[in-house]
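The primary structure of each chain is shown beneath.
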Amino acid sequence: MIHSATAFPTANGPQTPSIVPLLLEEYGRATRAHLDRWLSAYPPAPYLGTLLADYPSRGGKAMRPAIVIAVAGIGGASLGDVLDAAVAVELFHNAQLIHDDIEDGSELRRGLPTLHRVHGIPLALNAGSAAMLQAFDPLAAALRCRGGGRMEQGLELTRRSARSAAEGQALELGWRDDDRLELSDRDYFAMALRKTAILSVIWPAQLGLLLSRRDIVDAQALSRFGGLLGIAFQIQDDLLNLVADRAYGKEALGDLREGKRTLIVLHAARTFRGADRHLLDRWRSTPATERSDALIQDLAGRLRSGGSVHHAELVAQALAGAADYELQLALRRVPPSPDRDFLVGLVPWIFERA
């Protein structure tokens, strides 16, 4: 049975199994060390090498490489079998972050100034593009070792995933540039599936399946899990951005300043009336560079008091419940293991990360 919308999280404290932070730390540390070895293998490149290593050196949750490793581990693969693929996923993710920060005009990433704020847009853009291309080296190394057509499958999977992410980002940027607010929750889900869920959860999980040594996971149910969890993850990111002291290393209220069409804002556009609607329209008509702190903070408060934040919380919790149901289907033939517990524990974890 699908969990109710109140299943994640509870008021009684965290539900995340302790194995989740432990494996995130362990797999993240192993991935970053291996990534450093990959980067150091390239000839020295002035104005590029240090930029490529910058975002990975800042840490991060390492959820994406951990998903690759855990799924492959469930399928009997060793850490050595999958570490190159984990590096590829992490490098690709950091490349995407560099580009996203430029496109969004973000000031902070993981608590420090964004790469383009430190080095300028041209050098940062070049580094992001280089990182994305270099991710294919460890990816090819991982797939080549397995043979059996996995190289072709993995590269095609990656190509389709990257294309979907670009489509999702284009939707988000296009809605803002065209000043579109008359969008449904379904529109948002379609954008978040492409922009976030595919590269953040579905692609790493499918790579893990490709590198597995035994076929015991239901691949279709695992992909449905990834889509649902990835959308819930993006909604939770939107929610975290409204909380000043838990903005996960980015500037608080940055989404409102940039004009992003989050699920929260789209709900407000459908429901706000009177003074609340006037405030939303004033925010909408004010250029991003001219939106004052007072305007942003006032709108953030109205989004909380007017029910839009609560709506997004309920939707994220319902999606997480459905994701948990699909994951149980995907893992129904999988015996107990730390990697299995890790995947199950990711569902409540997305609400507890800061």
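Keep in mind that what you see is a predicted model, and the values were worked out from it rather than measured.

**Let's talk about the overall build of the protein chain**
And then number 1: A tally of helices and strands in the protein chain yields 16 helices and 2 strands.
And then number 2: Here the C-alpha radius of gyration of the protein chain, 20 Å, is about what a compact globule of 354 residues would show, namely 20 Å.
And then number 3: By its C-alpha atoms, the protein chain is 60 × 55 × 35 Å across when sized along the principal axes.
And then number 4: By the burial criterion, 55% of the 354 residues in the protein chain qualify as buried.
And then number 5: Here the analysis covers contacts within the protein chain between residues at least 6 apart in sequence; of these, 78% occur between residues at least 24 apart.

**A closer look at the nonpolar core**
Soluble globular proteins tend to pack their nonpolar side chains together in the buried interior.
And then number 1: Counting residues in each nonpolar core, the largest one holds 108 residues, and the members touching the most others are I235, L256, L303, F342 and L346.
And then number 2: The element contributing the most residues to this core is helix α4 (residues 79–104), with 13 residues.
And then number 3: The residues touching L303, leaving out its near neighbours within four places in the chain, are L256, I264, V265, A268, F272, S308 and V309.

**What to know about the pattern of salt bridges**
Here the idea is simple: oppositely charged side chains can pair when their charged atoms come close.
And then number 1: The tally for this structure, following the rule as stated, stands at 24 salt bridges.
And then number 2: Note that D293 and R257 form a salt bridge whose closest N and O atoms lie 2.5 Å from each other. Placement of the pair is D293 in helix α14 (residues 293–305) and R257 in helix α11 (residues 254–258), with a sequence separation of 36 residues.
And then number 3: Of the residues examined, R257 reaches a relative accessible area of 30% and is grouped as partly exposed.
And then number 4: Several salt bridges share partner residues, and in doing so they unite D104, D255, E258 and K260 into one network.

**A closer look at helix α2 (residues 49–57)**
And then number 1: All buried positions along α2 are accounted for by L51, L52, D54, Y55 and P56.
And then number 2: Residues of α2 that are buried sit in contact with α1 (19–40), α4, β1 (108–109), α5 (115–119) and α6 (121–134).

**Describing unusual backbone geometry**
And then number 1: Phi at A62 is positive, roughly 60°, even though this residue is not glycine.
And then number 2: The residue A62 is located in the loop between α2 and α3 (63–74) in this model.
And then number 3: Its identity as a non-glycine residue notwithstanding, R110 has a phi of 55°, on the positive side.
And then number 4: Within the secondary structure layout, R110 lies in the loop between β1 and β2 (112–113).

**Looking at the layout of surface pockets**
And then number 1: Roughly 660 Å³ of internal volume is contained in the largest pocket.
And then number 2: Surrounding the largest pocket, 31 residues form its lining, R64, H93, L97, R109 and D237 being those nearest its centre.
And then number 3: Contributing elements (two or more residues each) for the lining of the largest pocket: α3, α4, α9 (185–210) and α10 (219–240).
And then number 4: With 6 residues, the single largest contributor to the lining of the largest pocket is α4.
And then number 5: Grouping the constituent residues of the lining of the largest pocket by class yields 9 nonpolar, 7 polar and 15 charged.

**Quick word on empty space enclosed by the protein**
And then number 1: In the structure shown here, the tally under the stated rule is 3 cavities of 30 Å³ or more.
And then number 2: Quantified by volume, the largest cavity comes out at close to 60 Å³.
And then number 3: Along the walls of the largest cavity sit D238, N241, L242, D255, L256, K260, T262, I264, V265 and L303, which together make up its complete lining.
And then number 4: Where the lining of the largest cavity is concerned, the elements lending two or more residues are α11 and α12 (263–271).
And then number 5: Split by residue class, the lining of the largest cavity holds 5 nonpolar, 2 polar and 3 charged.

**Side note on helix α13 (residues 274–285)**
And then number 1: Between its terminal C-alpha atoms α13 stretches 17 Å, which fits the 16 Å expected from 12 residues at 1.5 Å a residue.
And then number 2: Every buried residue of α13 is accounted for by R277, L279, L280 and W283. Looking straight down α13, one finds its buried side chains confined to an arc of 160°; they lie on one side. Facing away from the buried side of α13 by more than 90 degrees, the exposed set consists of G274, A275, H278 and S285.
And then number 3: Turning to α13, the residues buried within the fold contact α11, α12 and α14.

**So, the environment of A142**
And then number 1: Looking at the element boundaries, A142 is found in helix α7 (residues 136–146).
And then number 2: Take A142: its relative accessible area is 3%, and that puts it in the buried class.
And then number 3: In the structure, A142 is positioned 65 residues away from A77 in sequence and 12 Å away in space, judged by C-alpha atoms.
And then number 4: Sequence-distant contacts of A142, defined by excluding residues within four places in its chain, comprise D84, A85 and L211.

Scoring rules and cut-offs
- Residues numbered from 1 in each chain as written.
- Predicted model: local features only at pLDDT ≥ 70, side-chain atom pairs only at ≥ 80, totals over all residues.
- Heavy atoms only, no water.
- Helix = DSSP H or I, 4+ residues; strand = E, 2+ residues; numbered from the N terminus.
- Rg over C-alpha atoms; globule rule 2.2 N^0.38 Å.
- Buried < 20%, exposed > 50% of the residue type's maximum accessible area, 1.4 Å probe, protein only.
- Contact = heavy atoms within 4.5 Å.
- Core = buried A, V, L, I, M, F, W, Y, C linked by side-chain atoms within 4.5 Å.
- Salt bridge = Lys/Arg side-chain N within 4 Å of Asp/Glu carboxyl O.
- 1 Å grid on protein atoms, 1.4 Å probe; cavity = no way out; pocket = protein on both sides within 12 Å on 5 of 7 lines; lining within 4 Å.
- Points joined across faces, edges and corners; volume = space filled by probe spheres on them.
- Nonpolar A, V, L, I, M, F, W, Y, C, P; charged D, E, K, R; others polar.
- Expected span 1.5 Å × (residues − 1).
- Arc of directions from axis to C-beta.

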